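Next come the chains, spelled out residue by residue.
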Amino acid sequence: MNRDIQRYWDLFLILVEKEITLKYKRTYIGFVWSLLNPIFTAIIYFLAFSVFMRFKMDNYALFLLSALFPWNWFSASVLMSVNTLTGNTGLIKKVIFPKHFLVLSLISGQLITMLFAIPVLAAILIYGKGMPGIQWLYGIPILIIIQFMIVSGISMAIAMVNAFFRDLEYITGVVMNMLFWVTPIIYPLSSIPEKFRIILSLNPMMYVIQSWRDLIMTNTINWQYIGISAASAIIFFLAGLFIFEKLSFKLDEVI
Amino acid sequence: MIHIDNLWKSYPARRESLGFKEFVLNLHKILKNRNDVFWALKGISFDIKKGDCVGIIGKNGAGKSTLLSILLGVANATKGIVDIKGRRTPLLELGAGFHPDLSGRENIIINGILLGNTKKEIMKKSAEIIAFSEIAEFIDMPVRTYSNGMYMRLAFSVAVHTEPEILLIDEILSVGDEFFQVKSGEAIKKLINNGVTTVFVSHSMDAIKSICSRVIWLEHGMIKADGDPADVVGQYLEKGR
């Protein structure tokens, strides 16, 4: 029994490792790209919004990026997950292993990318005369766990359903684009008229993204939002797992 | 060790996807026919004891590969009982878990873990695996640079070194050049002699007769004959003529 756990853990780690190393395998500077990417993103947005178009908001670059980096983790994971099962038919048809790991390792690989963005966010914060607080130490892990559960629930479900209904891949692209605009990423929540805010409040990512922003920009943790996010995280994770398990029985017939 | 009772397996009989217009126009027909299925296996029953080496023969489309997938556990039975105890190692499509951009050494680790080992166990065996594959000088190069033969050698070496309990073989005794074929054939025979339970699908009647202690003949998803290799192979060849 113990050996099985060890084996599954090894399998998970090696898949994550593969996810990370393969990304930059054939490049010259390799892993450095993980840090360079967020830095360049930050510079571009900083130039665009703090130098050329001056918004009436202090440090708009930080405002935007504190939500955009976590969002990118979410959106890249979901969009890439759609094809994790349909794109690994060789493995799925010939080897027995927990297929969830394909999805979970992909999300973990994307999480590493997001982790590299945190020092960049801290640097912009300090540049704007701010200072990361002690809240980061527990706020960031809490938010990562919550978001990981939401992402994995959604990703497991769509990866599996896409094997049966291939149109889902394209639907996912459209829906993610829509979700981007009903999540306060490029605009503040306060800019939405009260009567429309109900629509946004139905979007679980709204609470998560808003929590990231509050934490990064003002070192505050809105426990009510955290609570709502955590509750939806549990629901999403369990629902995703349920769908995955239910359908995986028939997976071999369709891929 | 392997207990199969009244096993049925169906696949959806759906045609390849239609265009949008056909899809909309024929919607009612598609919904009506959605439960059409093709039965690949129709009520198969057999038991395999520990240490047996069972050959499976039959024409293309008889259900051999489907049966092997179910024994491996990557496909599920539609109806019936499948009860298998022991670690199953496939020698089906060698190197299914290989990634072209990773080195031979890295792929040994990944494949070894996929085949049921812990990382520690496979690290311990990797020297032996590399030696057996005879491609030590290329082991740190990405496998996309390997020739087909080298790729197969490496995959085969990993599979036979993972201490299989149940070995599922699909027509792979032709790995690499003739020297390696002899070597790989001997490695399989050694495993069988050591008491590994083996299920062996092949069209090579000579290989079946020389290795197997029992043969099952599948036809149209049903068992046509099951018993002594010489007998069953004889009947099969008789009918095929």
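What counts and how
- Residues numbered from 1 in each chain as written.
- Chains lettered and ligands numbered in written order.
- Predicted model: local features only at pLDDT ≥ 70, side-chain atom pairs only at ≥ 80, totals over all residues.
- Heavy atoms only, no water.
- Helix = DSSP H or I, 4+ residues; strand = E, 2+ residues; numbered from the N terminus.
- Buried < 20%, exposed > 50% of the residue type's maximum accessible area, 1.4 Å probe, protein only.
- Contact = heavy atoms within 4.5 Å.
- Buried area = accessible area lost by both parts, 1.4 Å probe.
- Salt bridge = Lys/Arg side-chain N within 4 Å of Asp/Glu carboxyl O.
- Polar contact = N/O pair within 3.5 Å; in protein donor to acceptor, adjacent residues only side chain to side chain.
- Nonpolar A, V, L, I, M, F, W, Y, C, P; charged D, E, K, R; others polar.
- Pairing = 2+ DSSP bridges.
- Axes fitted to C-alpha atoms, helices over the stretch in contact; angles between N-to-C directions.
- Core = buried A, V, L, I, M, F, W, Y, C linked by side-chain atoms within 4.5 Å.
- Phe/Tyr/Trp six-rings, centres within 6.5 Å; stacked < 30°, edge-to-face > 60°.
- Lys NZ or Arg CZ within 6 Å of the ring centre and 35° of its normal.
- pLDDT = per-residue confidence, 0-100.

A.B. asks: For this particular structure, what's the right way to read the environment of Leu168 of chain A?
C.D. replies: All names here are of chain A. Relative to the helices and strands, Leu168 is located in helix H7 (residues 168-181). Residue class for Leu168 comes out buried when judged on its relative accessible area of 14%. Here the alpha-carbon distance between Leu168 and Val82, two residues 86 residues apart in the chain, equals 7.9 Å. Look past the residues within four positions of Leu168 in its chain and what remains in contact with it is Ile158, Val161 and Asn162.

A.B. asks: How do you make sense of the interface of chain B and chain A when you look at a structure like this?
C.D. replies: How large an interface is tends to be reported as the accessible area lost when its parts come together. Residue-level contacts link 33 residues of chain B with 24 residues of chain A. When the area that chain B buries against chain A is broken down by residue, the three leading residues are Val74, Ile113 and Leu114 of chain B, summing to 22%. On inspection of chain B and its partner chain A, the count reaches three salt bridges. Glu121 of chain B is paired through a salt bridge with Arg3 of chain A; the nearest N and O atoms lie 2.8 Å apart. On the surface where chain B and chain A come into contact, there are eight residue pairs in polar contact (both at pLDDT 80 or more). Mapped by element, the contributors of at least two residues to the side of chain B that touches chain A are strand E1 (2-12), strand E5 (88-91), helix H4 (104-114) and helix H5 (119-133) of chain B. Of the residues forming the side of chain B that touches chain A, the biggest block, five residues, is contributed by H4 of chain B. The residue makeup of the side of chain B that touches chain A, split by class, is 14 nonpolar, nine polar and ten charged.

A.B. asks: For this particular structure, what's the right way to read the sheet that holds strand E8 (residues 214-219) of chain B?
C.D. replies: Remark on secondary structure: sheet strands pair via backbone hydrogen bonds, oriented parallel or antiparallel. Residue and element names in this part refer to chain B. Taken in spatial order, the six strands line up as E5-E6-E7-E3-E8-E9 in an open sheet, and their pairing is mixed. Pairing within the sheet leaves two strands with one partner each, and these edge strands are E5 and strand E9 (222-227). Along the sheet, successive strands turn relative to each other by an average axial angle of 15 degrees, direction set aside. Sheet topology places E5 next to strand E6 (residues 166-170); four bridges connect them, and they run parallel. Looking at E6, one finds that Pro90 is bridged to Leu168. The strands that helix H3 (residues 64-72) touches are strand E3 (53-57), E5, E6, strand E7 (197-201) and E8; relative to E6, the one it contacts most, it runs at about 155 degrees.

A.B. asks: So what exactly am I meant to see when it comes to the nonpolar core here?
C.D. replies: Membership of the largest hydrophobic core comes to 118 residues, with the highest contact counts inside it found for Ile57 and Phe156 of chain B. When residues in this core are grouped by element, the largest group, 14 residues, is from helix H5 (residues 100-127) of chain A. Grouped together as the second largest cluster of nonpolar side chains are 28 residues, Ile44, Ile48, Leu71 and Val199 of chain B included.

A.B. asks: Explanation requested: the packing of aromatic side chains in the structure shown.
C.D. replies: Each aromatic ring pair is summarised here by two numbers: the centre-to-centre distance and the angle between the ring planes. Counting across every chain of the model gives 16 aromatic pairs over all chains. Taken together, a centroid distance of 6.2 Å and an interplanar angle of 80 degrees make the contact between Phe156 of chain B and Phe180 of chain B edge-to-face. With Phe156 of chain B in helix H6 (residues 148-160) and Phe180 of chain B in helix H7 (residues 178-193), this residue pair connects regions lying 24 residues apart in the sequence. When sorted by exposure, Phe156 of chain B lands in the same class as Phe180 of chain B, which is buried. An angle of 75 degrees between the planes, with centres 5.3 Å apart, marks the rings of Trp217 of chain B and Tyr236 of chain B as edge-to-face. Pair noted here: Trp217 of chain B is in strand E8 and Tyr236 of chain B is in helix H9 (residues 229-240), with a separation of 19 residues, a long-range link. Of the two residues, Trp217 of chain B and Tyr236 of chain B, neither departs from the other in class, the shared state being buried. Taken together, the ring pairs in this structure connect Tyr8, Trp9, Phe12 and Phe101 of chain A into an aromatic cluster. Lying over the aromatic face of Phe63 of chain A, Arg213 of chain A brings its terminal NZ or CZ to 3.5 Å of the ring centre. When the ring centre of Phe132 of chain B is taken as reference, the NZ or CZ atom of Lys183 of chain B above it lies at 4.5 Å.

A.B. asks: Explain H4 of chain B here, please?
C.D. replies: H4 of chain B sits mainly inside the fold: nine of its eleven residues count as buried. Those residues of H4 of chain B that sit buried are Gly104, Asn107, Ile108, Ile109, Ile110, Asn111, Gly112, Ile113 and Leu114 of chain B. In the core, the buried residues of H4 of chain B are packed alongside helix H1 (2-23) and helix H4 (89-94) of chain A together with H5 and H6 of chain B.

A.B. asks: Would you explain the confidence of the model for chain B in this entry?
C.D. replies: When pLDDT drops low, the exact placement of atoms in the prediction is not to be read closely. Confidence in the prediction of chain B, expressed as mean pLDDT, is 86, and 93% of residues score 70 or more. Overall fold confidence (pTM) sits at 0.88, and the ipTM for the predicted complex is 0.82.

A.B. asks: What exactly am I supposed to notice about the side chain of Ser211 of chain A here?
C.D. replies: Residue and element names in this part refer to chain A. Within the secondary structure, Ser211 is located in helix H9 (residues 204-218). Side-chain polar atoms of Ser211 contact the backbone oxygen of Tyr207, separated by 2.6 Å. Sequence-distant contacts of Ser211, defined by excluding residues within four places in its chain, comprise Leu143, Tyr225 and Ile226.

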